[in-house]
Structures are given as C-alpha cells and as structure tokens.
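Fold and contact review
So the chains spell out like this:
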Amino acid sequence: MLVIAHRSGPTVYPEQTVDSALLAVKNGADMVEIDLRFSSDGRIIVCHDDNAERVFGIDRSVNEMTAEEFASLTHKDDPLHHGHLFADYIDAGVKPLLLHIKEGGENINAILDFIVSKGYLENIIMGVTRPDDVARVKKYGKNIPVLAFIKNVQMIDDCIAEGAEFIRLWQGWVAEEYVEKIHSAGRKVWVMAGSSRNGDVGYIDDNAIDYLKKIGIDGLLINDIGDFLKT
C-alpha cells in the first residue's frame, strides 16, 4: 500500500510547505499531495482552504490575493514558513505530486499547460472532484493519470467510465463491495484517513491501517507517514 503525504505531511513543518514535503519524501512517502487554487492575478497557489484564516490567521479569501500577497503570508503557528506557489514545489524538485485541484472546470487546462511548460508532467497525478473534470484531463492527454476525489460513492461508476485510474474513498466509506467494484474495473483504491466530520482528517490508528491492508487498499493519504511505516 502506497503512502501519500496529505497536505505535504504536516508534522515537523506546517501543512502545504515545501519543507514539509521534502521531509515527507525523505522519510519514505511514496507521493506528496497538495491542494491547488488560483490567486487574483491567475497564478497557481498551494492552499487547502479558500480562506486564509485557519492557516495564516487572516480572514480573507485567497482568491482575492495576488500571488505575491499570498506568498508573503506567514503561518500563524510558525512564522518562519510562508505561503507557496505551485512553482515552488516544482522548483524544489518535490515529486511525485498528487494535485488536488480545488478549482476545476476551465482551470484544468491552465494547470496542465503550466505543468507542461515546466517539463513536470511525468511527475504528477491530477486529482479532480467531478467526472467531467476527469474527462477534461483525459481530453488533454489520455495517458495523464487521474485520481477522482469523489464526493459520494454514487460517483464511482461515472469517474471510472471517464477514465480515472484511481478512486479516493474516505475512510468511513470503505466497504469491501466498493473496493471490489473499483478493482474489478482495473482501477486502484486510495483512502483518505480520518473524517472531516470528526475533525481528524489525515489521522488513523494502527488497527485501521491493518484493516485497510487486509482488504487490499492500494494507497493511503495520511499526515504523519510514521503512523503507516511503523505498522
């Protein structure tokens, strides 16, 4: 089972920072997941939330900021670290990257154009939330790998039909019938540890990890990869 550093693996360093991502890879992560949004001037930034309050302590939409403004923000719990542009990860050589595209639709092509301009296409998996965005990626390049961050299990069939190679299930959705359906279609199952409802996204206990391994889960998104590697 692959281990994917969720939000760059925020343990020693804050979430969505290059330092955290590089440490996660050094410590054994198979891949680093980051969330992509757009600044007001059309640059690709790395931020999970649409508002800067939780991470940076500023109650302002990140889409209203220029890239320079966003990059100048410092983490409220660690002022030595700042906001990052997507280019920062590429320039630092962080790979492979799972890109969680928070703002899809027509932005898909702009993101892919940027990745191609940087010569980084072989180092990414595109993570999208809708079947039509799976189709957009595949129209751009049929061999570009796609993970579907599905919003409910009813989306499994449509995302498979559009060509997604990987299907993300929340930990609470994991059931053998869904795993079997996805595997029978020749696709892989990745699981997001924890639950947004319980406020423990990215965290998981050892017993749950053992169960996921037992039923054949192919990948796990987790904050602290040590929780995975020690089992």
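Quick summary incoming for the structure in this document. Quantities reported herein were computed from a predicted structural model and do not represent experimental measurements. (Residues numbered from 1 in each chain as written. Predicted model: local features only at pLDDT ≥ 70, side-chain atom pairs only at ≥ 80, totals over all residues. Heavy atoms only, no water.)

**Focus on the overall build of the chain**
Convention followed: A run of H or I in DSSP becomes a helix once it reaches four residues, and a run of E becomes a strand once it reaches two; helices and strands are each numbered from the N terminus. For the radius of gyration, the atom set is restricted to C-alpha positions; the globular benchmark scales as 2.2 Å times the number of residues to the power 0.38. We call two residues in contact whenever any of their non-hydrogen atoms come within 4.5 Å of each other. Methods summary: accessible areas were calculated by the Shrake-Rupley approach with a probe of 1.4 Å, and residue burial reflects only the protein chains presented. For the charge count, each Lys or Arg is scored as positive and each Asp or Glu as negative, with His and the chain ends excluded. Taken as the charge location is NZ of Lys, CZ of Arg, CG of Asp or CD of Glu.
The helix and strand tally for the chain stands at 10 helices and 12 strands. Taking 17 Å as the expected radius of gyration for a compact globule of 231 residues, we find that the chain reaches 17 Å, a close match to that expectation. Projected onto its principal axes, the C-alpha coordinates of the chain cover approximately 45 × 40 × 30 Å. Pairs at least 24 residues apart make up 55% of the contacts formed inside the chain by residues separated by at least 6 positions. Entry remark: accessible area of the chain is about 10,500 Å², with carbon and sulfur atoms responsible for 46%. Charge-centre separation for the chain: the mean point of 24 positive side chains lies 4 Å from the mean point of 37 negative side chains.

**A short note on helix α5 (residues 107-117)**
The criterion, for reference: Burial status follows relative accessibility: with a 1.4 Å probe on protein chains alone, a residue under 20% of its type maximum counts as buried, one over 50% as exposed, and anything between as partly exposed. Arc definition: it is the arc formed by the directions from the helix axis to the C-beta atoms.
Among the residues of α5, those classed as buried are Ile 108, Ile 111, Leu 112 and Ile 115. Viewed end-on, α5 has its buried residues packed into an arc of 95°, placing them on one side of the element. Contact partners of the buried residues in α5: β2 (31-38), β3 (44-46), α4 (86-91), β7 (97-101), β8 (124-128) and α6 (131-140). Looking one or two residues beyond α5, the residue adopting positive phi is Gly 119, at roughly 65°.

**Some words on empty space enclosed by the protein**
Rolled over the atoms, a probe sized like a water molecule indicates the empty space that remains. To keep it simple, the criterion reads: Think of a 1 Å grid over just the protein atoms. A cavity is a set of points where a 1.4 Å probe fits yet cannot get out, a pocket is an open set with protein on both sides within 12 Å along at least five of seven lines, and lining residues have an atom within 4 Å of a point. Grid points are joined across faces, edges and corners, and a volume is the space filled by probe spheres set on the points. Under the scheme applied here, ten amino acids are nonpolar (Ala, Val, Leu, Ile, Met, Phe, Trp, Tyr, Cys and Pro), four are charged (Asp, Glu, Lys and Arg), and all others, including Gly, are polar.
Evaluated as defined, the whole model comprises one cavity of 30 Å³ or more. The computed volume of the largest cavity comes to approximately 40 Å³. Along the walls of the largest cavity sit Glu 15, Gln 16, Val 46, Cys 47, His 48, Val 55, Phe 56 and His 75, which together make up its complete lining. A breakdown of the residues in the lining of the largest cavity according to their chemical character gives four nonpolar, three polar and one charged.

**Observations concerning helix α9 (residues 206-214)**
Operational definition: By the criterion applied in these results, polar contacts are pairs of N or O atoms within 3.5 Å in which, for protein atoms, one can donate a hydrogen and the other can accept it, and in which residues neighboring in sequence qualify only through two side-chain atoms.
Within α9, burial applies to Ala 208, Ile 209 and Leu 212. When α9 is viewed along its axis, its buried side chains cluster within an angular range of 100° and face the same direction. Away from the buried face of α9 by more than 90 degrees, exposed residues Asn 207 and Lys 214 are located. Sitting at the head of α9, Asp 205 places a side-chain oxygen 3.2 Å from the backbone nitrogen of Asn 207.

**A short note on the pattern of salt bridges**
Condition: Whenever Lys or Arg places a side-chain nitrogen within 4 Å of a carboxyl oxygen from Asp or Glu, that contact is recorded as a salt bridge.
For the coordinates displayed, the defined rule picks out 11 salt bridges. The salt bridge partner of Asp 91 is Lys 118, with a shortest N-O separation of 3.4 Å. Of the two residues, Asp 91 sits in helix α4 while Lys 118 sits in the loop between α5 and β8, which places them 27 residues apart along the sequence. Under the relative-accessibility criterion, Asp 91 is labelled exposed at 56%. The partner of Asp 132 in a salt bridge is Arg 130, and the shortest N-O contact between them spans 3.0 Å.

**Quick word on the side chain of Ser 39**
Its location among the elements puts Ser 39 in the loop between β2 and β3. A polar contact is formed between the side chain of Ser 39 and the side chain of Asp 41, at a distance of 2.5 Å. Apart from the residues within four sequence positions on either side, Ser 39 is in contact with Ile 45, Val 62, Asn 63, Met 65, Thr 66 and Ala 67.

**Notes on the side chain of Asp 35**
Within the fold, Asp 35 resides in strand β2. The charged side chain of Asp 35 is buried without a salt bridge, its nearest counter-charge being Lys 102 at 4.0 Å. At 2.5 Å, the side chain of Asp 35 and the side chain of Gln 16 are in polar contact. Looking at Asp 35, its side chain comes within polar contact range of the side chain of His 100, at 3.2 Å.

**A closer look at the environment of Ser 8**
Tracing the sequence through the fold places Ser 8 in the loop between β1 (2-5) and α1 (18-26). As a C-alpha pair, Ser 8 and Ala 29 span 21 residues in sequence and 9.6 Å in three-dimensional space. Not counting chain neighbours up to four residues away, the residues in contact with Ser 8 comprise Gln 16, Thr 17, Ser 20, Ala 21, Ala 24, Val 32, Glu 33, Ile 34 and Tyr 89.

**Topic: the layout of surface pockets**
One number sums up the size of the largest pocket: a volume of about 280 Å³. Lining the largest pocket are 17 residues, with His 48, His 100, Lys 102, Arg 168 and Trp 170 sitting closest to its centre. For the lining of the largest pocket, the secondary structure elements donating two or more residues are β2 and β10 (166-170). Of the residues assigned to the lining of the largest pocket, the class counts are six nonpolar, five polar and six charged. There is about 180 Å³ of room inside the second largest pocket. Pro 10, Tyr 13, Pro 14, Glu 15, Arg 54, Val 55, His 75, Lys 76, Asp 77 and Asp 78 together form the lining of the second largest pocket. The residue makeup of the lining of the second largest pocket, split by class, is four nonpolar, one polar and five charged.

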